[in-house]
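As a plain string of letters, each chain reads:
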Amino acid sequence: HMNIIEITHIQDLKNGQWFKLKPEAKKVYEKIEYDRQEKKYCCQDLNDISKLRYFKKNTVVWLDFEY
């Protein structure tokens, strides 16, 4: 029995969608919006809502996990 893990790029996510950077990662992020000034995608750490992180286009992310 294999678990199917969905992999995509950050620009393909909808705003508000949750993702991980690796399938075994503990941190879960939420895509907030594209920051035109930074030219990166602004994302929020769901474990620490005051922490924002910016990711470049084409960053690979993992979906379909249990939180």
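Residues numbered from 1 in each chain as written. Predicted model: local features only at pLDDT ≥ 70, side-chain atom pairs only at ≥ 80, totals over all residues. Heavy atoms only, no water.

1. Details of the packing of aromatic side chains
Overall, the coordinates contain four aromatic pairs when judged by the stated rule. Seen in terms of ring centroids, Phe 19 and Phe 55 are 5.8 Å apart; in terms of plane orientation they differ by 75 degrees. Their pairing is edge-to-face. Residue Phe 19 is found in strand 2 (residues 18-19), and its partner Phe 55 is found in strand 5 (residues 52-55); the two are separated by 36 residues along the sequence. Take Phe 19 and Phe 55: they sit in the same class, and that class is buried. Taken together, the aromatic side chains of Phe 19, Tyr 29 and Phe 55 make up a single cluster linked through ring pairs. (Phe/Tyr/Trp six-rings, centres within 6.5 Å; stacked < 30°, edge-to-face > 60°. Helix = DSSP H or I, 4+ residues; strand = E, 2+ residues; numbered from the N terminus. Buried < 20%, exposed > 50% of the residue type's maximum accessible area, 1.4 Å probe, protein only.)

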